[in-house]
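# A structural walkthrough
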Amino acid sequence: MVPLKRRKVVSSGAGSTGSDDVTSPSRFPQVVLFLLERKMGASRRAFLSQLGGKNGFQVEEQFSERVTHVVCENNSGEEVRRRLESQVGGRGRSAAHLLDVSWFTESMRAGRPVEILDRHKLQEQQMNEVEVEAFSTPSYACQRRTTLDNHNAVLTDALSLLAENAELSDEDGRGVAFRRAAAVLKSLPEPVTGLTQLRGLPCLGGHSLRVIKDVLENGASSEVEATKQSERFKALKVLTGIFGVGVKTAERWIREGIVSLQQLSEQTLNRAQQAGLRHYEDLNRPVTRAEAAAVAAVVEEAVASVLPGARMTLIGGFRRGKLTGHDVDFLLTHPEEGREAGLMPKVVSWLDSQGFLLYQKTTRNSYLEAKDGPARPSSNMDRFERCFSVFKLPEEARRGDEEARGGAEEAEPCSGLAAASQVKGEGPRPWRAVRVDLVVSPISQFAFALLGWTGSKLFERELRRWAGHEKAMSLSSHALYDNKQVFYE
Ligand code: 8GT
Ligand code: MN
């Protein structure tokens, strides 16, 4: 049995430091050094290790959890961390200081470990950020702060496309899984460059990780590329791109051999779908913030004209600050409970009389209808009065805005039909069609309606799941109930 003290010194590595040094006792028992060979080179490392030993420092040959100070030359904190993780077999992170060789040489000169100053630290700031974010990401999307700055758009685009494909294939569970994975990546403060950075993050299942790995290593995911090329996916996307057409209808059409817009005849379509087909290009072109503001001004005027004192609030993606959207959503209410009754038909007929409506349908519980086909219980359905509409937005309402023009230029024609209507030389029209949703809530439920309609869909879903699982509460767009309390009416 080797005495403890001696054994320590032997393991301090002196493999390459020479037999004289191995016996010198450690003068600084709190400090265990490891010198990283990468970029420093083997001979310089051997020389510096020997120097350390001579000055009474413990210098380890191998990296281990005992190491308190890692000395590196010309490495980034990120690189070093990854290398060390692989050396301890991925058993978590070491708490060791990651230091530039300048700390080592100054300590040698001083004959003792000098105080660690910022300039000695290896990009400590950036590394900590990555560590904190990577390891403290809560698993419910509603607990995370996610800005509009997505540093991982290439990855989230890939996952979102697979989510969309799953939703178009009636595999909502898989769709949610991909959306959750995408949402986690959206919340990260930096671009992901390697799979190791994802360790410890929630909601990344095997399938999502395979896709991420593919994109990181090859620049694209083979599954995503194959999906994009698939005839079924292409047809489903074109057909469900028609306002009023859901997955069920699109699938039926595909079974009947209909895969493009040109094969559809207006007679077989319902009123919503006819409007959808007629304005296909406009409705598939992103709505800009300027256009949303123009619609808001119109709705505001309608509301003020038919019920002075009633309030209109922008909801949906634009309330979240998105720059573009697929539609514009508004919540209407009146500060006196009950006064909102009858508001929707009045607003709709005002809009209609002023020529702003190309299509409208007012319903209760209309979320189910939007999905078309047999009613499916949806977690975010509610019983508010709602109007689905297609607005005719005059050009002058949005003219002169850079943002509007930028958005229009970015958009691509989405179909053969769109291209065809352009070829017909109809010229620029003095208006564009925009999807607009109106919802009316009584003031007593306004807060819940506002929360429920601000989105995103995943955020709302996670918020309700969090309320239920973690707080034993039921959240809807109408109310928040404490499940532990019994209510008597
Ligand atoms: P986008 O319009 O740019 O695509 O994005 P968005 O504004 O976030 O999506 P949206 O499809 O317009 O929906 C807006 C929000 O309303 C979403 O958060 C969605 O969950 C919510 N929502 C519906 N239908 C219903 C419904 O029937 N009840 C409730 N409470 N919320 C609904 O889309
Ligand atoms: Mn919207």
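Scope of this entry: the structure provided in the associated data block. (Residues numbered from 1 in each chain as written. Chains lettered and ligands numbered in written order. Predicted model: local features only at pLDDT ≥ 70, side-chain atom pairs only at ≥ 80, totals over all residues. Heavy atoms only, no water.)

### What to know about the overall build of the protein
Tallying secondary structure elements over the protein gives 22 helices and 13 strands in all. For the protein, the residues scored as buried account for 45% of the 489 residues in total. Within the protein, counting contacts between residues at least 6 apart in sequence, those at least 24 apart form 71% of the total. Looking at the protein as shown, the accessible area adds up to about 25,100 Å², and 52% of this sits on carbon and sulfur atoms. (Helix = DSSP H or I, 4+ residues; strand = E, 2+ residues; numbered from the N terminus. Buried < 20%, exposed > 50% of the residue type's maximum accessible area, 1.4 Å probe, protein only. Contact = heavy atoms within 4.5 Å. Areas by Shrake-Rupley, 256 points an atom, 1.4 Å probe, with all protein chains shown as cover.)

### A word on the packing of aromatic side chains
Following the criterion strictly, the structure yields 5 aromatic pairs and no others. Ring centres of Phe 28 and Phe 57 lie 4.7 Å apart, and the angle between their planes is 45°; this geometry places the pair in the tilted category. With Phe 28 in the loop between α2 (19–22) and β1 (32–35) and Phe 57 in the loop between α3 (42–54) and β2 (58–60), this residue pair connects regions lying 29 residues apart in the sequence. In this structure, Phe 28 and Phe 57 share a single accessibility class: buried. (Phe/Tyr/Trp six-rings, centres within 6.5 Å; stacked < 30°, edge-to-face > 60°.)

### What about the environment of Ala 181?
Mapped onto the secondary structure, Ala 181 falls in helix α8 (residues 172–186). Considered as a pair, Ala 181 and Ile 212 are 31 residues apart in the sequence and their alpha carbons are 9.9 Å apart. Apart from the residues within four sequence positions on either side, Ala 181 is in contact with Leu 159, Cys 203, Leu 204 and Ser 208.

### With respect to the side chain of Ser 441
Its location among the elements puts Ser 441 in the loop between β11 (431–440) and α21 (446–454). In this structure Ser 441 touches Leu 331, Leu 332, Thr 333, Glu 340, Phe 384, Phe 446 and Ala 449, once residues within four positions along its chain are discounted.

### Section: the sheet that holds β2
Read across the open sheet, the 4 strands follow the order β2-β1-β3-β4; overall the sheet is parallel. Only two strands of the sheet have a single partner each, and these edge strands are β2 and β4 (97–100). Neighbouring strand axes in the sheet, compared pairwise and without regard to direction, differ in orientation by 35° on average. Here strand β3 (residues 69–72) runs beside β4; their pairing, made up of 4 bridges, is parallel. When the sheet's bridge partners are listed, Val 71 is paired in β4 with Leu 99. (Pairing = 2+ DSSP bridges. Axes fitted to C-alpha atoms, helices over the stretch in contact; angles between N-to-C directions.)

### Focus on α8
Taking 1.5 Å per residue, 15 residues should reach 21 Å; α8 reaches 21 Å between its end C-alpha atoms and fits that length. Looking only at α8, the buried set comprises Gly 175, Val 176, Phe 178, Arg 180, Ala 181, Ala 182, Ala 183, Val 184 and Leu 185. The inward-facing, buried residues of α8 contact α7 (153–168), α9 (206–218) and α22 (457–471). (Expected span 1.5 Å × (residues − 1).)

### Brief notes about helix α5 (residues 101–110)
Buried residues of α5: Val 101, Ser 102, Trp 103, Phe 104, Ser 107 and Met 108, and no others. Buried-residue contacts for α5 involve β1, α3, β3 and β4. Phi turns positive, to about 75°, at Gly 111, one or two residues after α5.

### Side note on the packing of α7 against α8
The N-to-C vectors of α7 and α8 enclose an angle of 165°; their axes lie 7 Å apart at closest approach. With respect to their mutual orientation, α7 and α8 come out roughly antiparallel. Our pair here, α7 against α8, has a crossing hand that is left-handed. Every residue of α8 that contacts α7 at Leu 155, Thr 156, Leu 159, Ser 160, Leu 162, Ala 163, Glu 164, Ala 166 and Glu 167 is listed here: Asp 172, Arg 174, Gly 175, Phe 178, Arg 179, Ala 181, Ala 182, Leu 185 and Lys 186. Among the residues making up the contact of α7 with α8, the classes are represented as 9 nonpolar, 3 polar and 6 charged. (Parallel < 35°, antiparallel > 145°, perpendicular 65-115°, else oblique. Left-handed = near helix turned anticlockwise from the far one by under 90°. Nonpolar A, V, L, I, M, F, W, Y, C, P; charged D, E, K, R; others polar.)

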